[in-house]
Amino acid sequence: MPFEMNFGWTTPIGEVVLGATKADGGTRRISYRIGGGTTLPFLESSPSSPAPLIAFEICDNPDFWSPIVKDYCGDVVNNANEWAKKADADYGADLVRLHLTSTKQRNFSDIASLGSVVEGVLSATSLPVIIEGSNEPKIDSEVYQKCGEAGQGERLLLGTAEAGKYRSIAAAALAYNHSIIAQSPIDINLAKQLNILLKEIGVQRDHIVIDPYTGALGYGFEYSYSAMERIRFSALKGDTDLAMPMICSSADTLTIKEVREAGDGLQDETAIQWELFTCLAAATAGAEILCVRHPGTIVPLRKALAGMKQPAQSAGVP
Amino acid sequence: MTDVESAKKHGEESLKTRIASIQKPFSYEETAYHLPISYALTGVAVHDRAAAEDVFKKTAGNPIVASECLLAEQTAVKGKEPAPYTGFISDTVIRKLGYSLVDGSILGLALIVGTPKGEGSAAAICRELQEKYMLTFLAGTVVPSLSAAGVKVGLDYRLIPLGSSPFYGIHFVDIVARVAMMFGGVTPGDMHRLLTYAAERAKAIVIVFPGLTDEEIALVDGMRVLGFPILSLGGYENATWVPATPGDVVRQGMELRGIRVNVTAIPIPMSCSPAFEGKSIRKEEMYVEFGGGRSTAFELLRMREPSGIEDGKVTVIGTEIDSMKEGSANPLGIIIEVAGKTMKKDYEPVLERRIHNFVNYGEGSWHVAQRDLIWVRISKEAVAKGVKIEHIGKLLASKFRMDFPQLLDAVSVTLITDPAKVAEAKKEAERVYDERDARIKGMRDSDVNTYYSCTLCQTFAPNHVCVITPERLALCGAISWLDGKIAYEMSPSGANQPIEKGAVINELTGEFEGVNRFVKKASHGEIERCSLYSVMEYPMTCCGCFEAIALMLPEVNGIMVVNREYKGMTPSGMTFSTLAGTIGGGAQTPGFAGISKNYILSDRFLQGEGGIERLVWMPAALKEELKERLEKKLEERGLTGFLDKVADETTAETIEALIEFLERGGHPALTMKPLV
Amino acid sequence: MALKALDIYKLLPKKNCKECGDPTCLTFAMKLAGGKADLDLCPYLSDEAKSVLGATTRPPIRLVKIGVGTKNFKVGEETVLYRHEKTFYHPPGLVFRVTDTMPAEEIVAITRRVRDEVLTRVGADLRFNGIAIENVSGSAETFARAVETVEKVEAHLPPVLISKDTAALKAALVHCGTYRPLLHAATQDNVQEMCALARQHGCPLVVRSGSLDDLVNLVKTCTADGVTDLVLDLAPENFGEFIRRSTAVRQLAITRAVPDLGYPVYLNAAETGQEDAAVALGIVKYGSVIVTDPLPSGSAKAALTLRQNIYTDPQKPIQMNPGIYRVGSPDKDSPVLMTVNFSLTFFTLQGYLESARVPCFMLIVDTEGLSVLTAVAAGKLSEMLVRDSIKTFGLENEVSHRKLIIPGYASPLSGRIEDATGWKVLVGPRDAAEIGEYLHQEWKK
Ligand code: SF4
Ligand code: SF4
């Protein structure tokens, strides 16, 4: 007797394209189409998408970056281009996520420099790229304009739109055909609300990736986990305002006590394991882009994901 | 006076003949959109006469299309005009412009054409447009007239001189067309989408000075199809252009197009932030006070016609603070007048309650209570910094605009300190209060077709949906029907959504088709049916925030209520917290319902079970709290003395004692239709 | 579909005799509806009621107890597919594996580690739960000796005995037969003998197959044989299969579509080739007994923490104990920040304070786990509470100044707190992320 799991799903998750290859007017060597899921993560027998993807996070000013990562990566952290190259060639990421942390300096105003930072990273790696702009209302407008323009044609993923700050990012996405990350603080309703706001301003559904915000493992991760499950559930049940792929960043996990104070010789291992556990759990809840900061997380994470993505055997399970 | 209709006819004819005489091929560089208007409308890339005629025909002889082709040819023949004129603007620049529009750093677009009389008038208009974050395009003699008045033009000044004749105004339209294609998802050739986009989203206005030729009139008038208001500053006779004066044309145009300037700063000499909300001003710190039983004071917020209000205007009638004695109590009337397209009279009281918060946001101002019970203080420190009565008005005017941008277009504030005038205005205010009370009191569920939902609590109770009606306050007691309505108006994608109640399924239990449909969707398919006035059948879900719980007691065929504050045991054998733990979390539990305390006073309370006569037990303190109002209600319904038949913990703590008590008192529930 | 309390009530005797331990039949019905009472507690049920209620109030997934004494653990009795629907009740037992070919010292060391290792987080002691002994030597005698070695440590940990060979299990049970060890595993080939063993020693039994059909058949055989404390090993070939099968089992069980799958799930991470990942997936995807080789420190902590996260009640905020907490080594002049005892608020603020590197005190007041915003709205956070907390926890002795920083959302209370406490109140930012900057700017001056 075959057992049917009947969930009564009605709506597939929308698809989003990351990166543009030459054929699409960009210069990326590959582009990804994520989303498209029709049931809970990893239940599909032949998933249409390559996700979950692994994004490696870098920045253009490592002053406030995790010391564990800085120690592990070495000097390369001071050169975003080299770091991006390494993420691509050595660490083996699927995506590079660049945080423009230089904008965090007080009274930062050298907007023009950001254009060349973005361009530099885009030429250092031919992977699709995620750009995280500023978080300062005074400069947001100019920063996102610059980012959008510098990445024109490349189908970037731009971050991060929030309820109080989404106009500039949306404008950059619309003007230069990029997609955006829409972040809400661990709340399904707020996630939906933000997506509606974005829709109203003209951003199409297939240009939005939801970030339900990932709390650190042990420090609120369970809320994020459930928020992701609920978003995926509502989306599959027909709520098109939530039917977009999700992104999870385990960045907060590196700042918690257990990792910072893991003790000599254990820091890397601990950081890797905490990132790995966070990302795997998030993937089962529906995250399709998993962001890590420790290079050592990528290999075990990829291995585990490969096992999870195995096509279904004939074991009487649909 | 030029008659627009006949000029237009002439103009259109002459455009038609001229289009047939196009000789040379033409094209603009730096664009992927060919001739953008023609391309957007028809999907045809026009570069020569044949294509031009084709498109002209396809658009039923549209003068804009004709002008676009003719100007393109002219530019190809004669070349671009010299600086400062920009002529056709490249895609790259448009992308940036479009960015600023979406981003909100530009609020809208304006085109000015024609010949201004005297240098100053155009300059003043442009300055106002600049101040209001509009991006202005100029075509024709208006450009030299501005230079003559010393106004600098160029992209940096948000004043863009397109060309030396009004004909260049066509570029204004090609910009809108490209923005629609780049940002609005309009595909070339989708004429309908383009027109809808232009009419609904393009925030563009056209200001016309006298002196246009017939062809130019045809061109400008053609822009009406795109929904741009044409504001005429005289010299034209016609019914569809909007007559305006130079002093008012910008405000009028922006209002017609719904372009709003967001208020971001409050120009007063005192800080203003929610952080100061809880700061009180003690007697020693106070400079003056108003109301609080020491003098007459009141506040009133009213809706007005937009034409009746000058936005941001603050009037003080009577003495200012400098002529008030330190430590004195003075009379005060706060009258706020508001206007807005979506504003409704019903919202007045809800907005009026915000006066309290806003005044408290001021670092040196303090406010308590409402209506004619208010008590306001201003601190010595604030007065020393230069704060005046007028500034309280400015604060209020700005905060209302800032916090209710969707709702309010204009706010003006009048502050009265003159004793006689305060007394007089207060009479009027009292009349308004009474009127409001009467209306709210009389509001019934059957009077409206729309209820409101609240799903705020889904954060922790995933499938919970509150349905809020005029006669049934939300179970948390915090959100009334009116609150829900206004919250929806202000934030249409928020947690409060309208519910069309739809056809009646069961009048008594309050079950409606529309409500069921909504609840099913909002509960992610978990809850199929929801009756608004019944505890027994399909009651509303319970999130956990309820002020009280109503539950059936089958042994006595009645319903008891227990409120959150009551910690003791109830005849059900469960305490409030045990009950709350069992029924909360967003589940529907027949026989149990979360309610607000005030709902007990509603005529709809327990309607499905036969009315308040079912009520058999509630804690003594709750009884006391509701007593006065409840007894009045009961009296109206011919149930005087009923409250004494309802048990509480002093008369019955267990189900056995309750049965006895009810039997002794002859409680009506005992003989009512069986609940189970 | 579970029955509602009212439907259950209708089937009860309505005597209110209190013999079930509840004051009224309705209360009992409510408990039954929530799966929190046993039907047998009411002695007056009619046969009809028993049969109707029996099927629907019995937990859809059987509760299985492994081990005895204080360290036993129970798994199963779950009712939902997503934790947000209600909660996950019984955290999976994380069991370290030893093999009978290991030197005795190693076995002892691992057993001791499971006994002693504890991670204390949010006021809870997190531990590993048991020891699995696997028979890889092929010898019954060696296996029995390994089990004996474990038992001699007297750690009293719930044991899991893994062997294909019933003779080996029999030998091992001599040493731990009375401790309710979990036996692994009954398959098509040995189900009869396994059942006999399980019955004889009264221990729970794992049934193993990669096919759900076969599992159902095995379950039927076992239950017919009187062995009802069962655990399912889905024998997944890879992680994807584990997720699919485990989800299927959970879904089919809780909907009562296939009652024979209503048992907890077993996962042997050690056989997947990537233990850390397997443990993570086992925790989130319905694993109930997870066997793994001893985890290194990083993944051990991550596993315990993830399990704690996933198995907290999502409808009940975790609460911190109210009191004074220190960040860095504050002195008499250090700032004091007041906030609520909702754990997420606490940890978020604590994290930002730590990275701000300003030593300070946190005054945590008891709002019953409500966040600042809701505590203010619900009146749970009041000036009285703040005043009493300052007194109770002796804040006056900790600092020489009298300044209190309160959360931005508590600003409506600032004046009243000042009046009630006599402390000067500074209103901090609404967003904890801004606290670092706030302290640097506001506190220094
Ligand atoms: S209880 Fe109150 S806040 Fe919660 S959903 Fe209902 S109305 Fe909204
Ligand atoms: S034992 Fe049975 S009859 Fe007696 S109170 Fe309990 S449920 Fe009712």
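Residues numbered from 1 in each chain as written. Chains lettered and ligands numbered in written order. Predicted model: local features only at pLDDT ≥ 70, side-chain atom pairs only at ≥ 80, totals over all residues. Heavy atoms only, no water.

> Teacher, can you tell me more about the overall build of chain C here?
The helix and strand inventory of chain C stands at 17 helices and 17 strands. Projected onto its principal axes, the C-alpha positions of chain C cover 80 × 60 × 40 Å. Across the 445 residues in chain C, those meeting the buried criterion constitute 58%. Surface summary for chain C: the accessible area is close to 17,100 Å², and the carbon and sulfur share equals 50%. Side-chain charges of chain C comprise 50 positive and 52 negative groups, with the mean position of each set lying 5 Å from the other. (Helix = DSSP H or I, 4+ residues; strand = E, 2+ residues; numbered from the N terminus. Buried < 20%, exposed > 50% of the residue type's maximum accessible area, 1.4 Å probe, protein only. Areas by Shrake-Rupley, 256 points an atom, 1.4 Å probe, with all protein chains shown as cover. Lys, Arg positive; Asp, Glu negative; His and termini not counted. Charge placed at Lys NZ, Arg CZ, Asp CG, Glu CD.)

> Please clarify how unusual backbone geometry should be interpreted in this entry.
Leaving glycine aside, a negative phi is the common case for residues, and trans is the common case for peptide bonds. The omega angle of the peptide bond from A:A51 to A:P52 is 0 degrees, so this bond is cis rather than trans. Along the chain, the position of A:P52 falls in the loop between strand 2 (32–35) and strand 3 (53–59). Residues A:G159 and A:T160 are joined by a peptide bond in cis, for which omega reads -5 degrees. Position of A:T160 among the secondary structure elements: in strand 6 (residues 157–161). For B:L606, which is not glycine, the phi dihedral falls at a positive 60 degrees. Along the polypeptide, B:L606 turns up in the loop between strand 24 (592–595) and strand 25 (615–617). A positive phi angle, near 55 degrees, is found at C:E154, a position not held by glycine. Looking at the secondary structure, you find C:E154 in the loop between helix 5 (140–152) and strand 7 (159–162).

> Is there a simple way to explain the pattern of salt bridges in this structure?
A side chain with one charge may pair with a side chain of the opposite charge, provided their charged atoms come close. Residues and elements named next belong to chain B. The full count for this structure, using the stated rule, is 79 salt bridges over all chains. Here R178 makes a salt bridge to D91, at a shortest N to O gap of 2.9 Å. With R178 in helix 8 (residues 170–183) and D91 in helix 5 (residues 91–103), the pair connects residues that are 87 residues apart, well separated along the chain. A residue is classified by how much of its surface remains accessible, and R178, at 0% relative accessible area, is buried. The salt bridge partner of E128 is K132, with a shortest N-O separation of 3.1 Å. One network of salt bridges, with partners in common, ties together R444, E471, D603, R604 and K633. (Salt bridge = Lys/Arg side-chain N within 4 Å of Asp/Glu carboxyl O.)

> Just to check I follow, could you spell out the packing of helix 5 of chain C against helix 6 (residues 166–176) of chain C for this structure?
For any two helices packed against each other, one specifies the crossing angle of their axes together with the interaxial distance. Residue and element names in this part refer to chain C. Relative to each other, helix 5 and helix 6 sit at 25 degrees, their axes nearing to 8 Å. As judged from the angle between their axes, helix 5 and helix 6 are roughly parallel. Helix 5 and helix 6 meet at a crossing whose hand is right-handed. Counting all contacts with helix 5, which are made through A140, F143, A144, V147, E148 and E151, the residues of helix 6 involved are A167, A168, L169, A171, A172, H175 and C176. Considering only residue class, the contact of helix 5 with helix 6 consists of 10 nonpolar, 1 polar and 2 charged. (Axes fitted to C-alpha atoms, helices over the stretch in contact; angles between N-to-C directions. Parallel < 35°, antiparallel > 145°, perpendicular 65-115°, else oblique. Left-handed = near helix turned anticlockwise from the far one by under 90°. Contact = heavy atoms within 4.5 Å. Nonpolar A, V, L, I, M, F, W, Y, C, P; charged D, E, K, R; others polar.)

> Explain the interface of chain C and chain B here, please?
One widely used convention gives an interface's size as the accessible area the parts lose upon coming together. At the junction of the two partners, chain C supplies 25 residues and chain B supplies 28 residues. Between chain C and chain B, roughly 2,200 Å² of surface is buried when both sides are summed, and carbon and sulfur atoms account for 58% of that area. Summed over the three residues of chain C that lose the most area to chain B, namely C:L6, C:L26 and C:M30, the buried surface amounts to 25% of that side. One can count 3 salt bridges joining chain C with chain B. Residue B:R282 is joined to C:D419 by a salt bridge in which the shortest nitrogen-to-oxygen separation is 2.7 Å. At the junction of chain C and chain B, the tally comes to 4 residue pairs in polar contact (both at pLDDT 80 or more). Among the secondary structure elements, those contributing two or more residues to the side of chain C that touches chain B are helix 1 (5–11), helix 2 (25–33), helix 16 (414–421) and strand 17 (424–427) of chain C. No other element matches helix 16 of chain C, which puts 5 residues into the side of chain C that touches chain B. Along the lines of polarity and charge, the residues of the side of chain C that touches chain B split into 10 nonpolar, 8 polar and 7 charged. (Buried area = accessible area lost by both parts, 1.4 Å probe. Polar contact = N/O pair within 3.5 Å; in protein donor to acceptor, adjacent residues only side chain to side chain.)

> Please explain the site of ligand 1 as it appears in this structure.
Surveying the vicinity of ligand 1 reveals the residues B:C454, B:L456, B:C457, B:H464, B:C466, B:A474, B:L475, B:C476, B:I479, B:C543 and B:C545. Within the shell around ligand 1, the residues separate by chemical class into 10 nonpolar, 1 polar and no charged. (Near = heavy atom within 4 Å.)

> Explain the interface of chain A and chain C to me, please; I cannot follow it from the model alone.
In this assembly, 51 residues from chain A lie in contact with 52 residues from chain C. Taken together, the two surfaces of chain A and chain C that pack against each other cover about 4,400 Å², and 62% of this comes from carbon and sulfur. Interface area lost by chain A to chain C is led by A:F3, A:E222 and A:F277, which between them contribute 15%. Along the contact surface separating chain A from chain C lie 1 salt bridge.

> Would you mind going over a negative patch on the surface with me for this structure?
Residues B:E624, B:E628, B:E631, B:E635, B:E636 and B:D644 make up a contiguous surface patch of negative charge. Assignment of secondary structure puts B:E631 in helix 20 (residues 620–636). (Patch = residues over 30% accessible without salt bridge, like charges linked within 9 Å, V, L, I, M, F, W, Y side chains within 5 Å.)

> I keep staring at the confidence of the model for chain A and nothing clicks. Help me out?
Predicted coordinates in regions of low pLDDT should not be interpreted in detail. Taken over all residues, the pLDDT of chain A has a mean of 90, while the share at 70 or more is 97%. Within the model, pLDDT remains below 50 along residues 314–318 of chain A, and this stretch shows 17 contacts once partners closer than five positions in the same chain are excluded. (pLDDT = per-residue confidence, 0-100.)

> Explain the site of ligand 2 to me, please; I cannot follow it from the model alone.
Near ligand 2, the surroundings consist of C:P13, C:K15, C:N16, C:C17, C:K18, C:E19, C:C20, C:C25, C:F28, C:C42 and C:P43. When its residues are assigned to classes, the shell around ligand 2 shows 7 nonpolar, 1 polar and 3 charged.

> For this particular structure, what's the right way to read the sheet that holds strand 6 (residues 130–134) of chain C?
Strand-to-strand pairing in sheets goes through backbone hydrogen bonds, with the strands running parallel or antiparallel. Residue and element names in this part refer to chain C. As summarised here, the arrangement of the 8 strands in space is 3-6-7-8-9-10-11-12, forming a closed barrel in which the pairing is parallel. Averaged over neighbouring strand pairs, the angle between their axes works out to 30 degrees when direction is ignored. Pairing of strand 8 (residues 182–186) with strand 9 (residues 205–208), which is carried by 2 bridges, proceeds in the parallel orientation. Considered in strand 9, the bridge of A186 is made with V207. Across the sheet, helix 4 (residues 104–116) lies against strand 3 (93–99) and strand 6, angled at about 170 degrees from strand 3, the strand it touches most. (Pairing = 2+ DSSP bridges.)

> Quick question: what am I supposed to make of the pairing of strand 15 (residues 360–365) of chain C here?
Within a regular beta strand, the side chains point alternately toward one face of the sheet and then the other, so they alternate between its two faces. Residues and elements named next belong to chain C. Buried residues dominate strand 15, accounting for 6 of its 6 residues. By the bridge criterion, 5 bridges tie strand 13 (residues 323–327) to strand 15 in an arrangement that is antiparallel. Residue pairing in the sheet places Y325 in a bridge with M362 of strand 15. Of the strand pairs in this sheet, strand 14 (residues 336–340) and strand 15 are connected by 5 bridges, and their pairing is parallel. Its bridge partner being in strand 15, M338 is matched across the sheet by L363. You can see the chain leave strand 14, run along helix 12 (residues 343–356) and come back into strand 15, and the turn it takes is right-handed. (Right-handed = clockwise from strand over helix to strand, strands pointing away.)

> Can you help me understand the nonpolar core in this one?
One recurring pattern in soluble globular proteins is that nonpolar side chains are buried together. Grouped together as the largest cluster of nonpolar side chains are 290 residues, with contacts concentrated most on A:W83, A:I289, B:F137, C:L161, C:L205 and C:L306. If near-sequence neighbours (up to four positions away) are discounted, A:W83 is found in contact with A:F56, A:E57, A:I58, A:C59, A:W65, A:V69, A:C73, A:V76, A:V77 and A:Y91. (Core = buried A, V, L, I, M, F, W, Y, C linked by side-chain atoms within 4.5 Å.)

> Explanation requested: the sheet that holds strand 19 (residues 498–500) of chain B in the structure shown.
Residue and element names in this part refer to chain B. Taken in spatial order, the 3 strands make up an open sheet running 18-17-19, and their pairing is antiparallel. If you trace the sheet from one side to the other, it starts and ends with strand 18 (466–468) and strand 19, each paired once. Taking the axes of each pair of neighbouring strands and ignoring which way they run, one obtains an average angle of 40 degrees across the sheet. Lying on the sheet, helix 17 (residues 481–490) is in contact with strand 17 (450–454), strand 18 and strand 19; it crosses strand 17 at an angle near 80 degrees. Against the sheet, helix 18 (residues 513–522) engages strand 17, strand 18 and strand 19, with an angle of about 135 degrees to strand 19.

> Sorry if this is basic, but what is going on with the side chain of B:E511 here?
Residues and elements named next belong to chain B. Locating E511 in the fold gives a position in strand 21 (residues 511–512). On the accessibility criterion, E511 (2% relative accessible area) is buried. Engagement of the side chain of E511 in a polar contact is seen with the side chain of N516, the distance being 2.9 Å. In this structure, E511 is in contact with A503, V504, I505, N506, N516, R529, C530 and S531, ignoring residues within four places of it in sequence.

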